[in-house]
Amino acid sequence: MILTTRPTDPLRSLQTGNWFKLICGASSQHIPTIRSCAIAYAIAGADCIDLAADPAIIIAVKDAIVSIQTHYPNVNPWLMVSLNDGEDPHFRKAEFDPNHCPSDCDRPCEKVCPTNAIQFSSKSSGVIDELCYGCGRCLPICPIQSIQARSYVYKPEIIVPTVLDLGIDAIEIHTQIGRSADFATLWQTLKPHLHHLKLIAVSCPDGPGMVEYLQALNQIISPSGLPCAFIWQTDGRPMSGDIGDGATRACIKLGQKVLALGLPGFVQLAGGTNDHTVEKLTQLGLFPPQPQTRHLAGIAYGSYARSQLQSVLTELEQRSSNQLEQHPDLLEESVKIATNLIAPLKSYSSKNLLTST
Ligand code: SF4
Ligand code: SF4
């Protein structure tokens, strides 16, 4: 029908430094959007799709992958879910009472929201919960400070067996500097399940004490003794890739810092990634990876990847459909958009570049 695809081989992509992960968002629960993004980026060659630990979302994406395998049998990305060991911006939702809004407010909250989660209509007003992914951009912009963040923490003892039963391949733990006790507790709960996984990842933002913190986590995890692959996700500027060029600098800087620590495991960029990221890595001599040198394993794209598909998502909604694969014109357009983001990472020759970690 459209475009040929390469077989998905996530582990090899990690080893050869061209791993691509699509982050749908730990708090993002709008199934039509997630499903369409997953289809477009999976066909375009994504190695992994990172989802909220919500059974309805996992089932919807698994069904979507099965449905496209009829035409694209090589497409088989790993599915990942994220957990947190405490309060974390990835695990929150915005909320406010629209009845408290002054009638003359020009609604800057509505304009700043990248996912149209804030709406004012006769049907509903306020934050559409499943569209909010917790980016926080609306929180400081309200002139009467009416918008609040509602945080949540998953209970791993309940959610982990559930997501494993649904066939999840990978789990990511979002942590923050200074939480080693909370992390260790979560790790103990996860440990008996690790042999069911292909990958475990730890995501941490930068800050004072980051080096010591990752070293402490390294002691708890012992990545080289794990029964699965392991990633340090460097969360440069969380959920900011769609803001612009500058967002990618912080993310690359943190990636370089973590790579220099020499900890066992793969190192993968996130938080601020966009279409400038590969170009900047290339300018810095960090991409493409060189044989015999420790290199970045790949890049995760979240808000930027989603924003690129917004026109397709809007058109699909106008057609009152959530089945992207049933609209050949939109499917083709969305795969082309996704390929534009993935191709710079995937298109170099990776022969002879297999690293062990
Ligand atoms: S701006 Fe961000 S935090 Fe606020 S409603 Fe939109 S997605 Fe949620
Ligand atoms: S900016 Fe604040 S007051 Fe204005 S519409 Fe949004 S939530 Fe209401």
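Details of the structure are given in the entry above.
*Asks:* What am I meant to see in the overall build of the protein here?
*Replies:* For the protein, the helix and strand inventory stands at 12 helices and 12 strands. In terms of C-alpha radius of gyration, the protein reaches 20 Å, essentially the compact-globule figure of 21 Å for 357 residues. Considering the protein as a whole, with its 357 residues, one finds that 54% of them fall into the buried category. In the protein, once contacts between residues fewer than 6 apart in sequence are set aside, the share between residues at least 24 apart is 80%. Carbon and sulfur atoms make up 50% of the accessible area of the protein, which amounts to about 15,200 Å² in all. In the protein, 27 side chains carry a positive charge and 33 a negative one; their mean positions are 5 Å apart.

*Asks:* What's the story with unusual backbone geometry in this structure? I'm lost.
*Replies:* Phi is mostly negative for residues that are not glycine, and the peptide bonds are mostly trans. Of note, the amide linkage connecting Phe 287 to Pro 288 takes the cis form, showing an omega dihedral of -5°. Relative to the helices and strands, Pro 288 is located in the loop between α9 (277-283) and β12 (298-301). Despite not being glycine, Gln 145 has its phi angle at roughly 45°, a positive value. Relative to the assigned elements, Gln 145 resides in the loop between β6 (125-127) and β7 (148-151). One non-glycine residue, Ser 320, adopts positive backbone phi at about 55°. Following the sequence through the fold, Ser 320 ends up in the loop between α11 (310-318) and α12 (328-346).

*Asks:* In this structure, what is going on with the environment of Ala 117? I would like to understand it.
*Replies:* With respect to the helices, strands and loops of the structure, Ala 117 is situated in the loop between α4 (108-112) and β5 (118-120). Residue class for Ala 117 comes out buried when judged on its relative accessible area of 2%. Among residues more than four places away in sequence, those in contact with Ala 117 are Gly 126, Val 127, Ile 128, Leu 131 and Cys 132.

*Asks:* What is the right way to read the site of ligand 1 from this model?
*Replies:* With respect to spatial proximity, the complete set of residues near ligand 1 consists of Ala 94, Cys 113, Pro 114, Thr 115, Ala 117, Ile 118, Cys 132, Tyr 133, Gly 134, Cys 135, Gly 136 and Cys 138. The residue inventory of the shell around ligand 1, partitioned by class, reads nine nonpolar, three polar and no charged.

*Asks:* Explain the site of ligand 2 to me, please; I cannot follow it from the model alone.
*Replies:* Taken together, the residues surrounding ligand 2 are Phe 96, Cys 101, Pro 102, Cys 105, Arg 107, Pro 108, Cys 109, Phe 120, Cys 142, Pro 143, Ile 144 and Ile 147. Across the shell around ligand 2, the residue classes tally to 11 nonpolar, no polar and one charged.

*Asks:* How should the packing of helix α6 (residues 180-190) against helix α7 (residues 210-221) be read in this particular structure?
*Replies:* How two helices sit against one another is set out by the angle between their axes and by the gap between those axes. Where α6 meets α7, the closest approach of the two axes is 11 Å, and the angle between their N-to-C directions is 25°. It follows that α6 is roughly parallel to α7 by the angle criterion. Where α6 crosses over α7, the two elements pack in a sense that is right-handed. On the side of α6, the interface is formed by Ser 180, Phe 183, Ala 184 and Trp 187, while α7 contributes Tyr 213, Leu 217, Ile 220 and Ile 221.

*Asks:* Help me understand the state of the cysteines in this model?
*Replies:* Disulfides are covalent bonds that link the sulfur atoms of two cysteine residues. This model, assessed by the stated rule, comprises zero disulfides. We note that Cys 204 lacks a disulfide partner, and the nearest cysteine sulfur, in Cys 251, lies 14 Å from it. The class for Cys 204 is buried, based on a relative accessible area of 6%.

Rules and cut-offs
- Residues numbered from 1 in each chain as written.
- Chains lettered and ligands numbered in written order.
- Predicted model: local features only at pLDDT ≥ 70, side-chain atom pairs only at ≥ 80, totals over all residues.
- Heavy atoms only, no water.
- Helix = DSSP H or I, 4+ residues; strand = E, 2+ residues; numbered from the N terminus.
- Rg over C-alpha atoms; globule rule 2.2 N^0.38 Å.
- Buried < 20%, exposed > 50% of the residue type's maximum accessible area, 1.4 Å probe, protein only.
- Contact = heavy atoms within 4.5 Å.
- Areas by Shrake-Rupley, 256 points an atom, 1.4 Å probe, with all protein chains shown as cover.
- Lys, Arg positive; Asp, Glu negative; His and termini not counted.
- Charge placed at Lys NZ, Arg CZ, Asp CG, Glu CD.
- Near = heavy atom within 4 Å.
- Nonpolar A, V, L, I, M, F, W, Y, C, P; charged D, E, K, R; others polar.
- Axes fitted to C-alpha atoms, helices over the stretch in contact; angles between N-to-C directions.
- Parallel < 35°, antiparallel > 145°, perpendicular 65-115°, else oblique.
- Left-handed = near helix turned anticlockwise from the far one by under 90°.
- Disulfide = S-S within 2.5 Å.

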